[in-house]
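Chain by chain, the residues:
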Number of protein chains: 2
Amino acid sequence: MANRPTIADIAKRVGVSPGAVSFALNGRPGVSEQTRARILEVAREMNWRPHRAARALGGSQAGAVGLVLARDPRTLGSEHFYTQILYGMQEALSARSIAVQMQLVRDTGAEIALYRDWASEHRVDGLVLVDQQVSDPRIEIVRELDIPTVTLGLPATAGLLSSVWADDHEAMTTIVDYLAALDHRRIAHVAGPPIYQHTARRMQALREHGAARGLDASESLPTDFSDAQGAAATRTLLSRPRPPTAIVYDSDLMAAAGLGVALEMGVPVPRSLSIVSFDDSVLTRIVHPALTCLSRNTYALGAQVAECLLEVITDPSSLISVRTETPRLVVRGSTARA
Amino acid sequence: MANRPTIADIAKRVGVSPGAVSFALNGRPGVSEQTRARILEVAREMNWRPHRAARALGGSQAGAVGLVLARDPRTLGSEHFYTQILYGMQEALSARSIAVQMQLVRDTGAEIALYRDWASEHRVDGLVLVDQQVSDPRIEIVRELDIPTVTLGLPATAGLLSSVWADDHEAMTTIVDYLAALDHRRIAHVAGPPIYQHTARRMQALREHGAARGLDASESLPTDFSDAQGAAATRTLLSRPRPPTAIVYDSDLMAAAGLGVALEMGVPVPRSLSIVSFDDSVLTRIVHPALTCLSRNTYALGAQVAECLLEVITDPSSLISVRTETPRLVVRGSTARA
DNA sequence: GTGTTCAACTAAAGCGATATAGTCAATAAC
DNA sequence: GTTATTGACTATATCGCTTTAGTTGAACAC
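Residues numbered from 1 in each chain as written. Chains lettered and ligands numbered in written order. Predicted model: local features only at pLDDT ≥ 70, side-chain atom pairs only at ≥ 80, totals over all residues.

## Let's talk about the pairing of strand β1 (residues 64-70) of chain A
Residue and element names in this part refer to chain A. With respect to burial, β1 is a largely interior element, five of its seven residues being buried. Taken together, the seven bridges between β1 and strand β2 (residues 99-105) define a ladder with parallel strand orientation. Residue pairing for β2: A64 is matched across the bridge by A99. Taken together, the three bridges between β1 and strand β3 (residues 126-129) define a ladder with parallel strand orientation. Across the sheet, L67 pairs through a bridge with V128, a residue of β3. (Buried ≥ 20, exposed ≤ 12 C-beta atoms within 10 Å, placed from the backbone. Helix = DSSP H or I, 4+ residues; strand = E, 2+ residues; numbered from the N terminus. Pairing = 2+ DSSP bridges.)

Here it is as structure tokens:
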């Protein structure tokens, strides 16, 4: 690869020591304003950029943060949500020329192994933990590895890790209230795997709030998030003697699959069945009828996570808990009066 | 972050010089087999991992390759294809503990700026160029920056860059032949933006092959790949006095959107209209009817790209051209006799 | 028995930045 | 007028690893 100018080259050209150049470029005292200006000018002229590795070696900042997604390659559906998060993070961090190291792995075991690798290779300055689990082995690991970390999706539990979170409980009650107002008395929930915190919270919210509002039925069926299991769960529900009049899906993919099953079984949507998705994406808009869903600015959420992580990296002792806006309900054609 | 063992620690423990340890760990001559074994053992025992930055600084290998996706954030649809590519690349490269630096940017300008940044920061050892354009400004840039690069999707043009490619021309003729065999005489093509090589080739293939087979009509309508424009193009086509009996879509998202439009307009699929998608994904399977599409092992393709890139990094003077298997046609419910 | 060759190391010089301890002149203080 | 106190620098060590140039002792040749 081509030779790039180094700090030494600039120093030579300006006629000062490399140290002075470093001071000037990093905006710290030790050089006169006049010299600083001259150095900055020459640096720009020579098109200088810091050598990441050199900076990392000296100052111990890798200039990258990590985001790992544990997914069975076959379940790899439309990862719209995390694509948006990633985009938001990258936009927020690229200004500081920090890269986001995103990696897909098979399972949590591989994810943990990767964190260990990254830590010992000093590849990242911080981590974002997503898909929070009820009993999450990763929390202990990142604390052991002593890497600044922010979790996404769950209030800072037990003062362990900083987090950016949304209130899944409130989100579910919003949906239930909306459906109840439409006179739905039998609401079902096609959930994700209950090992995930957000799934667990949604299930709990439905159970509690359903009981509180005196619904006739409010059941959650766990799945693995795949379209196949989403479809199967829907089939199960609609085959019951007293099928639900509304189904809430934990993901857009399962909701779309469920809609297909309903139509196939001759259950008109929204006339006989209302469908609500917990996620928004193109998918909810291209199916017919378009799906009522919870929507939020995922892009902004990614940026928020990035900001939060930066703070934690700057001050690792800090414990931040950012509550994000509760997703708002976007009503489309898939819901109607029971 | 916690203190990790260095080569010097290992050297001290084994009782040799750091240089010897480096030789042993990198499998190069200069140490006896006996000492090598001892060093490797101690290294494993101490759980040593190379410090990426140090290695990059000394040996000038960043241990990462880059993949940039230029997308309007709003057009960010189901990036299933590239998610799979990324997965394949990561699996192939993680064994050599090389990371894939994936980044989403707004447009080609930002993409080029990012390449410049990466080059001057020495962040990546190589690049994968995707979404080849007809007149591609990036090619000149990566050559100027002198970064080992592999392009995906187009035969190594003019001996400039190595590439892994699939034959889009043949893919289109496969589809046309299939549809012609079902007596379709009016085939339309909802294409992507014609600035992309693969779109241009598909359009050309349809035009030429359609003429050769004596079809009554074979037209391509360009779009921006969004579901909205895919839907609009479909509406245009179906509103014509003599609408096509088959539509080929350049993406699964547009195909799904097109299907929705057809059903909405009262055009039964596949009775009055056959639909074929150029991409496969969950999307083609959850809609009803499921879409006939071209399918390929994208995951393996990603691995192939990674292997190819490794070769180019090892020997930058080499010019490789790997032709991948032509996607095969998966027939589902969206196509039938005209 | 002297010289040559080779394997198996060690010593030390980078790589490009950062950070800390000095140096030196100019100014301020008493 | 001598001593502090700055400001503006320079010199140098350092980060962890790679790499090149020695160094040493043993094997071998003649």
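## Topic: the pairing of strand β9 (residues 274-277) of chain A
All names here are of chain A. The alternating pattern of β9 places S274 and V276 and I275 and S277 on opposite faces, both of which are buried. Pairing of β9 with strand β10 (residues 292-295), which is carried by two bridges, proceeds in the parallel orientation. Residue pairing in the sheet places V276 in a bridge with T292 of β10.

## What about helix α8 (residues 168-181) of chain A?
Residue and element names in this part refer to chain A. In this model α8 runs 20 Å from its N-terminal to its C-terminal C-alpha over 14 residues, within 8% of the 20 Å that 1.5 Å per residue would give. Buried residues in α8 make contact with β6 (186-190), α9 (197-212), β8 (246-249), β9, β10 and β12 (328-330). Looking one or two places after α8, you find D183, whose phi comes out positive at around 70 degrees. (Expected span 1.5 Å × (residues − 1). Contact = placed C-beta atoms within 7 Å.)

## Notes on the sheet that holds strand β5 (residues 162-165) of chain B
In a beta sheet, neighbouring strands pair by backbone hydrogen bonds and run either parallel or antiparallel. Residues and elements named next belong to chain B. A sheet is described by the order of its strands in space; here six strands give the open sequence β2-β1-β3-β4-β5-β11, paired in parallel fashion. Pairing within the sheet leaves two strands with one partner each, and these edge strands are β2 (99-105) and β11 (321-323). Looking at each pair of strands side by side, their axes are set apart by 20 degrees on average, direction ignored. Note that β5 and β11 share three bridges and pair parallel. Along β11, the bridge assignment pairs V164 with V322. Here helix α5 (residues 80-94) sits on the sheet in contact with β1 (64-70) and β2, set at roughly 160 degrees to β2. (Axes fitted to C-alpha atoms, helices over the stretch in contact; angles between N-to-C directions.)

## With respect to the protein's contact with DNA strand C
Near DNA strand C, the surroundings consist of 25 residues, among which T6 and G19 of chain A together with S17, G19 and S32 of chain B are the closest. When contributions to the surface near DNA strand C are tallied by element, the ones reaching two or more residues are α2 (18-25) and α4 (52-59) of chain A together with α2 (18-25) and α4 (52-59) of chain B. Of all the elements, α4 of chain A adds the most residues to the surface near DNA strand C, at five residues. A class-by-class count of the residues in the surface near DNA strand C yields 11 nonpolar, 13 polar and one charged. (Near = placed C-beta within 6 Å. Nonpolar A, V, L, I, M, F, W, Y, C, P; charged D, E, K, R; others polar.)

## Remarks on the nonpolar core
Counting residues in each nonpolar core, the largest one holds 91 residues, and the members touching the most others are I247 and I275 of chain A together with I247 and I275 of chain B. Beyond its immediate stretch of four places on either side in the chain, I247 of chain B contacts A188, V190, T234, L237, G258, L273 and I275 of chain B. Counting 84 residues, the second largest nonpolar core, distinct from the first, contains I98, V142 and V150 of chain A together with A92 of chain B. (Core = buried A, V, L, I, M, F, W, Y, C linked by C-beta atoms within 7 Å.)

## Quick word on the packing of helix α1 (residues 7-14) of chain B against α2 of chain B
Residue and element names in this part refer to chain B. Put simply, α1 and α2 touch, their axes get as near as 8 Å, and they point 105 degrees apart. Classed by the angle they form, the pair α1 and α2 counts as roughly perpendicular. Between α1 and α2, the residues in contact are I7, A8, I10 and A11 and P18, A20, V21 and S22, respectively. A breakdown of the residues in the contact of α1 with α2 according to their chemical character gives seven nonpolar, one polar and no charged. (Parallel < 35°, antiparallel > 145°, perpendicular 65-115°, else oblique.)

## Focus: the relation of the copies chain B and chain A
Least-squares fitting of chain B to chain A yields an RMSD of 0.2 Å, with the transformation described by 0.0 Å of translation along the axis and a rotation of 180 degrees. Here the copies are linked by what is in effect a two-fold axis. Judged by C-alpha distance, A53 of chain B is the residue of chain B that lies nearest the rotation axis, at 2.1 Å. (Least-squares fit on C-alpha atoms with pLDDT ≥ 70 in both.)

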